[in-house]
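# An overview of the molecular structure
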Amino acid sequence: MNSKKILVIGAAGQIGSELTMKLRGLFGNDNVIASDIKNGGEELMNSGTFEIADATDKAGIESLIENHKITDVYLMAAMLSATAEKIPMKAWSLNMDSLFNILNLAKDKKIERIFWPSSIAVFGPRSPKENTPQTTIMEPNTVYGISKQTGERWCEYYFNKYGVDVRSIRFPGIISYKTLPGGGTTDYAIEIFRSALKDGCYTSFLSENTALPMMFMDDALKATVDIMQAPSEKIKLRSSYNLSAMSFTPNDLASEIRKQLPEFEIRYNPDSRQQIADSWPGSIDDNEARKDWGWKHEFDIKKLTRAMLDGLKTEKLTF
Ligand code: AKB
């Protein structure tokens with residue numbers, strides 16, 4: 001374990017910040033370098049080395065990798081679905097250039113292993129809606145989805161052609177209480193908890209019966225660490241693995257919150273994000289991940305709701 005020297009790119013973001021702390025716990029603070037284009041929270045900045053870096057700047061990333069003798073890169077920088085629809089070309093450059101930088105550094109043997117997150121956004125309106133299989137019709141109609149699907153093809157290509165050890169998961173909506181997400185379609189499932197505690201009510205930007213696949217942060221981190229630790233021969237898919245924990249609608253989540261906060265009220269005012277959600281699966285078949293590298297989730301909607309409300313109350317984190 002100790003021979004690893006890790007770089008997390010996008011370490012100040014929602015998943016990156018918690019992933020960095022988890023990796024520091026596993027591999028030692030000195031062995032996990034955090035980097036982002038902006039500063040992160042106090043814990044992240046004070047627990048180990050932090051470097052300001054632009055994921056699209058190949059020379060900058062390369063010198064970080066050389067200076068710190070990095071072996072493994074977790075590339076968490078990306079523009080999410082809703083923001084990407086507003087600035088498509090910028091989203092495309094960020095999501096693709098950052099990936100090519102890292103794939104090419106691995107091709108040149110400057111790093112040994114890459115984690116790159118894909119997303120349920122790789123599916124589109126013609127994909128099967130329920131229990132969406134690993135391999136099926138994939139015609140994403142969002143910029144973010146197109147960039148993730150293209151990225152998956154390139155990951156597989158670099159593995160087959162150059163032996164690059166890249167590992168990937170199609171994340172559903174990730175729910176956490178420590179760092180706010182930015183610009184996603186699944187963000188309502190975090191806002192709702194903060195508003196429930198602060199105001200006792202929430203107006204959802206997705207309609208009542210919009211089911212989406214979701215996952216609590218602890219499960220997402222476990223999956224990330226597990227796939228990166230798995231022996232290479234167990235990773236049979238070098239594009240990206242379907243991954244699932246639970247699926248629910250805003251109405252389901254509001255009912256679960258009401259079990260703990262009986263006065264909680266929800267209203268619905270769908271906006272442009274509804275169209276994105278409508279193009280995505282309602283639930284995911286993740287058999288391949290379970291079979292190949294032993295994926296198992298822990299959090300269902302009940303456990304998630306308790307963890308979110310307890311976590312926000314303890315950390316006194318509301319808006
Ligand atoms: C988003 O909503 O854009 C992300 C995702 C599902 O990849 N959370």
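Before reading on, note that the structure itself is shown above.
Residues numbered from 1 in each chain as written. Predicted model: local features only at pLDDT ≥ 70, side-chain atom pairs only at ≥ 80, totals over all residues. Heavy atoms only, no water.

## Remarks on the side chain of Asp-187
Looking at where Asp-187 falls in the secondary structure, it is placed in the loop between strand 9 (173–175) and helix 7 (188–198). The charged side chain of Asp-187 is buried without a salt bridge, its nearest counter-charge being Arg-273 at 5.6 Å. Within the local environment of Asp-187, its side chain forms a polar contact with the backbone nitrogen of Gly-183, the two atoms lying 3.3 Å apart. Aside from chain neighbours lying at most four places away, what touches Asp-187 is Pro-181, Gly-182 and Phe-205. (Helix = DSSP H or I, 4+ residues; strand = E, 2+ residues; numbered from the N terminus. Buried < 20%, exposed > 50% of the residue type's maximum accessible area, 1.4 Å probe, protein only. Lys, Arg positive; Asp, Glu negative; His and termini not counted. Salt bridge = Lys/Arg side-chain N within 4 Å of Asp/Glu carboxyl O. Polar contact = N/O pair within 3.5 Å; in protein donor to acceptor, adjacent residues only side chain to side chain. Contact = heavy atoms within 4.5 Å.)

## Structural notes on the nonpolar core
Counting residues in each nonpolar core, the largest one holds 41 residues, and the members touching the most others are Ile-175, Tyr-188, Phe-193, Phe-248, Leu-253 and Leu-304. Of all elements in the fold, only helix 6 (143–162), helix 7, strand 11 (212–216), strand 13 (246–248), helix 9 (250–260), helix 10 (273–278) and helix 12 (301–314) reach the threshold of two or more residues within this core. For this core, the leading source of residues is helix 7, giving six residues. Here this core spans two domains, and each of domain 1 (6–173 + 216–242) and domain 2 (177–214 + 245–283 + 299–315) adds at least three residues to it. When residues no more than four places from it in sequence are discounted, the contact partners of Ile-175 are Gln-14, Ala-189, Ile-190, Phe-193, Met-214, Met-215, Phe-216, Met-217, Phe-248, Leu-304 and Met-308. (Core = buried A, V, L, I, M, F, W, Y, C linked by side-chain atoms within 4.5 Å. Domains from an automatic or database assignment.)

## Some details on the packing of aromatic side chains
Evaluated as defined, the whole model comprises eleven aromatic pairs. Note on Tyr-158 and Tyr-162: the rings are 5.0 Å apart at their centroids and 65° apart in plane angle, and the pair reads as edge-to-face. Taken as a pair, Tyr-158 and Tyr-162 lie in helix 6 at a separation of four residues, close to a single helical turn. A relative accessible area of 6% means that Tyr-158 is categorised as buried. Every member of this aromatic cluster is reached through a ring pair, and the members are Phe-100, Trp-154, Tyr-157, Tyr-158 and Tyr-162. One cation-aromatic arrangement involves Arg-273 over Phe-205; the distance from NZ or CZ to the ring centre is 3.5 Å. (Phe/Tyr/Trp six-rings, centres within 6.5 Å; stacked < 30°, edge-to-face > 60°. Lys NZ or Arg CZ within 6 Å of the ring centre and 35° of its normal.)

## Comments concerning the pairing of strand 1 (residues 6–9)
Neither face of strand 1 is open: one carries Ile-6 and Val-8, the other Leu-7 and Ile-9, and all of them are buried. Bridge count between strand 1 and strand 2 (residues 32–36): four bridges; the pairing is parallel. Residue pairing in the sheet places Leu-7 in a bridge with Ile-33 of strand 2. Read from strand 1 through helix 1 (residues 14–27) to strand 2, the crossover connection turns out right-handed. Bridge count between strand 1 and strand 4 (residues 72–75): four bridges; the pairing is parallel. (Pairing = 2+ DSSP bridges. Right-handed = clockwise from strand over helix to strand, strands pointing away.)

## Thoughts on the site of the ligand
All residues adjacent to the ligand are Leu-80, Ser-81, Ser-119, Ile-120, Tyr-144, Gly-184, Thr-185, Thr-186 and Trp-280. Here an oxygen atom of the ligand and a side-chain polar atom of Ser-119 are 2.7 Å apart. At 2.7 Å from an oxygen atom of the ligand is found a main-chain nitrogen or oxygen belonging to Thr-185. For the ligand, whose free accessible area comes to 250 Å², the fraction covered by protein is 93%. Among the cavities detected, the one that contains the ligand is the largest pocket. Residue classes in the shell around the ligand are distributed as four nonpolar, five polar and no charged. (Near = heavy atom within 4 Å. Areas by Shrake-Rupley, 256 points an atom, 1.4 Å probe, with all protein chains shown as cover. 1 Å grid on protein atoms, 1.4 Å probe; cavity = no way out; pocket = protein on both sides within 12 Å on 5 of 7 lines; lining within 4 Å. Sits in = over half its atoms within 2 Å of the grid points. Nonpolar A, V, L, I, M, F, W, Y, C, P; charged D, E, K, R; others polar.)

## What to know about the packing of helix 5 (residues 88–107) against helix 6
Between helix 5 and helix 6, whose axes approach to 10 Å, the crossing angle comes to 15°. The angle between helix 5 and helix 6 places the two elements in the roughly parallel class. When the axes of helix 5 and helix 6 are compared, the crossing they make is right-handed. Seen from helix 5, the contacting residues are Pro-88, Ala-91, Trp-92, Asn-95, Met-96, Leu-99, Phe-100, Leu-103, Asn-104 and Lys-107; seen from helix 6, they are Val-143, Tyr-144, Ile-146, Ser-147, Thr-150, Gly-151, Trp-154, Cys-155, Tyr-158 and Tyr-162. (Axes fitted to C-alpha atoms, helices over the stretch in contact; angles between N-to-C directions. Parallel < 35°, antiparallel > 145°, perpendicular 65-115°, else oblique. Left-handed = near helix turned anticlockwise from the far one by under 90°.)

## Structural notes on helix 3 (residues 58–67)
Within the sequence span of helix 3, burial applies to Ile-61, Glu-62, Leu-64 and Ile-65. For helix 3, the angular spread of the buried residues around the axis is 160°, confining them to a single face. Residues Ala-59 and Asn-67 are exposed on helix 3 and point more than 90 degrees away from its buried face. Looking at the packing, one finds that the buried side of helix 3 touches strand 1, strand 2, strand 3 (50–52), strand 4 and helix 5. Downstream of helix 3 by one or two residues, Lys-69 has phi in the positive range, about 50°. (Arc of directions from axis to C-beta.)

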